[in-house]
Structure formats: structure tokens, C-alpha cells
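# Summary of structural features
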Amino acid sequence: MTRVFIMGDLHGQLDKVIANLRHAELLDPSLAWSGHDATLCFMGDYFDRGPDGIGCVNLVMRLQREAAAAGGQVIALMGNHEPLLLAARLFGDEPLSASVGTFRRNWERNGGRESDLVGLTSAHVAWISALPAVATLRRRLLIHADALFYSELGDSVQTINQTMASMLTSDEPWVWEELFYVFSDRLAFFSDPQIGRAFALELLARFDCDQIIHGHTPIPYMSGRAPTEVTGAFVYAGGLCVNVDGGMYMGGPGFVYELP
Ligand SMILES: [Mn+2]
């Protein structure tokens, strides 16, 4: 079987992303794809809280092309920061209906960087808007957020991704605010060990998978360890869930997780 690698939330940390992909030998010294027929999955949240979200997206887009040409594959999921940025671009200073402030302020509150908004091209917007919210791979369910709303968007990977894609083409501000709201959920499988496990089992049964892999909630919030000490995935809920968000924006070195 070919190898499968997963990387959690990037948040504009281009230097750390490159260092980790180099370490995993997925990039050669010239930063070209060297993963051959491997699969690499990014878990979303390319932007915000860090200096170079556009640089991260450009890297992922290029690696998708290079990996495909080499017989490999790069999957890129949608995070919650992608809709935040797109909405800031689309609605700017329009007021939020469900909260205080404007769409732009809302994005800035979530770590939005002006340089990402300025650098965003129509090609970026088209690429981001088409990102899947959910993927399955080797009986793993890949979702950005450790949250339960995915199954409310549809009853299959395909219908959930269609619902997400149609929400991202909406010119109705409330549709985007709904997206912010559902994506603000986290820790669904962690807060209470018994309930968390039950939620995970229910979601996994729907998708006929054995394990949830997610980002979104930095591992330090679960493990209690300092971000600088996080060098690998956090497995919990009795092995049903794997958190791959190393919290690079909090000072963590980040890591690439390889499926065992
Ligand atoms: Mn997130």
C-alpha cells in the first residue's frame, strides 16, 4: 500500500510547513514534490494567525499538481478560516446580523492578516471555494473540526461537500454567518470520555469508517502540554480519534502524521 501523510492546521506558518514536509521527505531540496505515489492530506485552516497564508495556499496548490503528475495525491480540506477570509473579501464592512461588528472585523478577530486579503486572487478564491469539507481514506473520516455539524450538512461525503460548496457560493450574509456558527464548535469527542466516544462511534458508523482524523483544536488544549513539546498526533477517545493540529501558530514545531 502507498503511504499516507497528514498535516494539521497551517495558519500561515510557511517556514514550519516546509521544514516538516522536507523532514518527511515529501519535498526535495528545491521544494518540489518528492513523495512519488504517496498521499498527503492537509486538514484546512491555511490562513490567519500567521504571516503567510497565501504562501501556504500556493504551496498546497502546486503540490497538488506535482503529486498528481507523479502518481501521488494531495488532498486539501476546508477549514473554518477559509470561509472567514472569503466572507471578509465578499462582505467587508457589512455588519454581522448575529454578532457585533462587521465581516472584516470578525475575520480580524480570528487572526486575519491584511496581506492575505490583498494577495488573494480569483484563482485562489475558486480553489478555496471548491475544497471538500469531508474526505474518507483507508476507513478514516477526515474532517477539519472536532465537531458534530458535518452530518447535519448531508448524509454522505458527496452531499456534505455539495452543501458546503453551495453555501460558499451564496451572496446571503446569513448563510456565511451560519457557517461561522457551526464551525465554532469543537471538542465534541473529548469533553466527556463516555459521551465523546459515543458521538465518535455514531459519526463513524454513518460513514462506515473506523477512526476520525481532525485538526482545528490545537493539541495543547487537549494534552495540557506546552506547544513546543507537541511533536506528534494526539490519539484519544479510546483510539477512535486522532488530533493532528500541533498548534504551530502557538509556537509548536508542527509535525507530519503518517497513517500506521
Ligand atoms: Mn480551525
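Attention here is on the structure that accompanies the text. Along each chain, residues carry numbers from 1 onward, in the same order as the chain's sequence is written. In keeping with the predicted nature of the model, local features appear solely for residues at pLDDT of at least 70, side-chain atom pairs appear and are counted solely at 80 or more, and the whole-chain, interface and lining totals rest on all residues. Computation of side-chain values: all heavy atoms of the structure, hydrogens and water removed.

## Observations concerning the environment of alanine 200
Counting from the N terminus, the helices are DSSP H or I runs at least four residues long and the strands are E runs at least two residues long. Looking at the secondary structure, you find alanine 200 in helix α10 (residues 193-207). The exposure class assigned to alanine 200 is buried, which follows from its relative accessible area of 0%. Note: C-alpha distance between alanine 200 and threonine 136 (64 residues apart in sequence) is 15 Å. Residue contacts follow a heavy-atom distance rule, with two residues in contact if any of their heavy atoms lie within 4.5 Å. Excluding residues that lie within four positions of it along the chain, alanine 200 makes contacts with Phe189, Ile212, Leu240 and Cys241. Burial here depends on accessible area, computed with a 1.4 Å probe over protein chains only, as a share of the maximum for the residue type. Under 20% is buried, over 50% is exposed, and the range in between is partly exposed.

## Structural notes on the side chain of asparagine 20
Note that asparagine 20 resides in helix α1 (residues 14-23). Within 3.5 Å is the distance limit for a polar contact, defined as a pair of N or O atoms, with the added protein rule that one can donate a hydrogen and the other accept it, and that residues adjacent in sequence qualify only through two side-chain atoms. Here proline 253 takes part through its backbone oxygen, which lies 2.9 Å from a polar atom of the side chain of asparagine 20. What asparagine 20 contacts, discounting residues up to four positions off in sequence, is Met7, Met248, Pro253, Gly254, Phe255 and Val256.

## Section: the coordination of the manganese ion
Any nitrogen, oxygen or sulfur atom within 2.8 Å of a metal ion counts as a donor, with the limit raised to 3.2 Å for Na, K and Ca, and since water is left out, coordination shells can look unfinished. For the manganese ion, the full set of protein donor atoms is Asp45 (OD), Asn80 (OD1), His144 (NE2) and His216 (ND1), at a range of 2.1 to 2.3 Å. Binding-site remark: the manganese ion is held by donors from one chain whose sequence spacing is D-x34-N-x63-H-x71-H. With a gap of 72 residues between them, histidine 144 in the loop between β5 (140-143) and α7 (150-153) and histidine 216 in the loop between β6 (211-214) and α11 (220-223) connect regions that are remote in the sequence.

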